[in-house]
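# Architecture and fold: a report
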Amino acid sequence: MTEHAVIIVGGGPTGLVLAGELALAGVDVAIVERRANQELSGSRAGGLHARTLEIFDQRGIVDRFLEEGKIAQTAVFAGVSLDISQFPTRHPYGLGLWQKHIERILADWVAELPVTFYRDREVTDFIQDDSGVSVTLSDGQSLRAEYLVGCDGGRSLIRKITGIEFPGWNPTVSCLIAEVEMTGRPELGIHRTALGIHSFGKEKYEIQDGKVVFLDEGPFRVMVTEAEIGDKTEPSLSDLSQALIAVCGTDYGAHSPTWISRFTDMTRQAATYRDRRVLLAGDAAHVHAPDGGQGMNTGVQDAVNLGWKLAQVVKGISPDSLLDTYHAERHPVGALVLRNTMALVALRRQDERTKAVGETIVELLSMDEPRKRFAAMMSGLGIHYDLDDHLGAGHPLLGRRMPDLDVTTAKGELRVYSLLHSAQPVLLNFGKPDSLDITPWADRVQHVAAEYTGIWALPALGQVAAPTAVLIRPDGYVVWVGDGTERGLHAALAKWFGSGA
């Protein structure tokens, strides 16, 4: 039986990021992936929000995505574009980039790290006990791990075998998406009819004056709302043709599909993200409509929240109870995403009452405060974890992402996020260099004396008081804010990074 510290089931974006996080921490991690390679059929997710770009910046790989993607204002709610260009972030935008390219870039990054892959096979069963999880693969091979993480999508076998409940709401609408040749020429762009939303586009496009301009080459990318909720079987070209005729009166001579898929607005969330030694992340933990482009981004953020915590538990730095904070922090974030997507699906309807609600929301979002709040929410920049108040004296930074400041240190000018490339926590001390003593944690927490004289500002909240010091987790969130003393610092260090040496 082959043993690993952690086995991840599913090698999509969530699984890849989690594997990278664990490998950076020196944990023996393996991915079980049913695909023989990283090639992905279909477009699926189409971009990255600002906070996800910051996460990749924290690991020093964001340029790989920026080199291939298209920068644009992608935060949208109820059809209103939420411009974040004035937010205090190095990435005040979203990035248009198809998921197949995102996965390829992530896979190339993971290939540079010590991660084992079991490709072209699936997990068929597992049993967990007090010391680990025994896993059976479809080829008969047996694996053993201390922890198992299901990143295996909305139909997660890991979730089902564990018996974790998946409450929520059944679908009210379904859509077909496809890449297909057409003899006719539909009008490109997004269209609304009595049946719902449909759109036509191309894989290749440019962003001109903030608008998508499709290049006139290659097959069409189609999304069409079905007149009735489709069944669970794989959709066919005939299904696509019928849906197009119902909406447009013609199927535009659709033929030779590269792929066809169906998605719905089924909305469900795992009752718990953890059952002893089995955890869930990404779509295995939450499914919803794609409106707002939240799904993949939420999964990546799940992985970064979980990765360093799981690594510390595996390495014996922190107690097993640290993993409970993963559910405590990420479940409310997932619940908010579900609420938003349900609202957005409801606003798709074309009846007069729904239109009136939509017009009211548009009017509200024309006001500065609501616009900023929703922009921070949709971009991921507004995530706020509810942490112990005594660890930061109520400072707005506590539980929020650390701004990527340009600071001066003994090693010269540097960006704060460069200190997170190795996925290690950081104590940034802006006061007297010797005023804070973290000697018992010196083997696991970077202690950096820094100077910064600029403005401290947070998305949507605006300017905040300058702290004397901040303790930053590997995922970039602040867990202690200094007020000129050490009050609460050692408690925060012990809570998040284990007992001192």
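I will try to describe carefully the structure that is included in this document. Worth saying up front: this structure is predicted, and the values here are computed from it rather than measured. (Residues numbered from 1 in each chain as written. Predicted model: local features only at pLDDT ≥ 70, side-chain atom pairs only at ≥ 80, totals over all residues. Heavy atoms only, no water.)

Bringing the packing of helix H7 (residues 295-314) against helix H8 (residues 324-346) into the picture now. The N-to-C vectors of H7 and H8 enclose an angle of 175°; their axes lie 10 Å apart at closest approach. Considering the angle they form, H7 stands roughly antiparallel to H8. Mapping the contact onto sequence places Thr 298, Gln 301, Asp 302, Asn 305, Leu 306 and Lys 309 in H7 and Thr 325, Tyr 326, Glu 329, Arg 330 and Val 337 in H8. Taken together, the residues of the contact of H7 with H8 break down into three nonpolar, four polar and four charged. (Axes fitted to C-alpha atoms, helices over the stretch in contact; angles between N-to-C directions. Helix = DSSP H or I, 4+ residues; strand = E, 2+ residues; numbered from the N terminus. Parallel < 35°, antiparallel > 145°, perpendicular 65-115°, else oblique. Contact = heavy atoms within 4.5 Å. Nonpolar A, V, L, I, M, F, W, Y, C, P; charged D, E, K, R; others polar.)

Where side chains of opposite charge bring their charged atoms close, a pairing between them can arise. This structure, assessed with the given rule, holds 29 salt bridges. Across the pair Arg 90 and Asp 404 runs a salt bridge whose closest N-O atoms are separated by 2.6 Å. One end of the pair, Arg 90, is in the loop between strand S6 (80-81) and strand S7 (94-96); the other, Asp 404, is in the loop between helix H10 (368-379) and strand S24 (406-409), and 314 residues separate them in sequence. The partly exposed category is assigned to Arg 90, whose relative accessible area is 32%. The salt bridge involving Asp 368 is made with Lys 372; its shortest N-O contact spans 3.2 Å. (Salt bridge = Lys/Arg side-chain N within 4 Å of Asp/Glu carboxyl O. Buried < 20%, exposed > 50% of the residue type's maximum accessible area, 1.4 Å probe, protein only.)

Within the secondary structure layout, Gln 38 lies in the loop between strand S2 (29-33) and strand S3 (47-48). A polar contact is formed between the side chain of Gln 38 and the backbone oxygen of Gly 11, at a distance of 2.8 Å. Within the local environment of Gln 38, its side chain forms a polar contact with the side chain of Glu 103, the two groups lying 2.8 Å apart. Dropping the residues within four chain positions of it, Gln 38 is found in contact with Gly 11, Leu 16, Glu 103, Ala 107 and Arg 119. (Polar contact = N/O pair within 3.5 Å; in protein donor to acceptor, adjacent residues only side chain to side chain.)

Further remarks concern the nonpolar core. In this structure, Val 6, Phe 56, Phe 65, Leu 428 and Leu 471 are the most contacted members of the largest nonpolar core, which totals 112 residues. The biggest single contributor to this core is H7, with ten residues. If sequence neighbours within four positions are ignored, Val 6 has contacts with Leu 22, Val 27, Asp 28, Val 29, Ala 30, Ala 145, Tyr 147, Val 149, Leu 310 and Val 314. Of all hydrophobic cores here, the second largest spans 14 residues; its members include Met 182, Phe 200, Val 224 and Leu 240. (Core = buried A, V, L, I, M, F, W, Y, C linked by side-chain atoms within 4.5 Å.)

Of all the eight residues making up strand S1 (residues 2-9), six are buried; the element is thus mostly covered by neighbouring parts of the structure. Across seven bridges, S1 lies against strand S11 (residues 142-150) in parallel orientation. In the strand pairing of S11, Glu 3 is matched with Arg 144. Strand direction decides the pairing type here: S1 and S2, joined by four bridges, are parallel. Considered in S2, the bridge of Val 9 is made with Val 32. In the classification by handedness, the crossover that spans S1, the intervening helix H1 (residues 13-24) and the parallel S2 is right-handed. (Pairing = 2+ DSSP bridges. Right-handed = clockwise from strand over helix to strand, strands pointing away.)

Our next topic: the packing of aromatic side chains. By the definition in use, this model includes nine aromatic pairs. With a centroid separation of 4.4 Å and an interplanar angle of 10°, the aromatic rings of Phe 56 and Phe 65 are classed as stacked. Classification of Phe 56 as buried rests on a relative accessible area of 3%. In this structure Phe 65 comes out as buried when scored by relative accessible area, which is 0%. Ring geometry for Phe 430 against Trp 456: centres 5.4 Å apart, planes inclined by 90°, an arrangement best described as edge-to-face. You can see Phe 430 sitting in the loop between strand S26 (426-429) and strand S27 (446-449) and its partner Trp 456 sitting in the loop between S27 and strand S28 (457-458), a full 26 residues away along the chain. Of the aromatic side chains, those joined through ring pairs into one cluster are Trp 308, Trp 496 and Phe 497. Over the face of the ring belonging to Trp 98 we find Arg 221, whose NZ or CZ atom lies 4.3 Å from the ring centre. When the ring centre of Trp 496 is taken as origin, the NZ or CZ atom of Arg 473, which lies over that ring, is 4.8 Å away. (Phe/Tyr/Trp six-rings, centres within 6.5 Å; stacked < 30°, edge-to-face > 60°. Lys NZ or Arg CZ within 6 Å of the ring centre and 35° of its normal.)

Attention now goes to the sheet that holds strand S19 (residues 254-264). Pairing within the open sheet is antiparallel, and its five strands lie in the order S14-S15-S18-S13-S19. In this open sheet, the two edge strands, each paired with only one partner strand, are strand S14 (189-193) and S19. Along the sheet, successive strands turn relative to each other by an average axial angle of 15°, direction set aside. Where S14 lies against strand S15 (residues 196-202), five bridges are found, and the strand directions are antiparallel. Residue pairing across strands places Arg 192 opposite Ile 197, the latter belonging to S15.

Read these as spatial facts, not as claims about activity.
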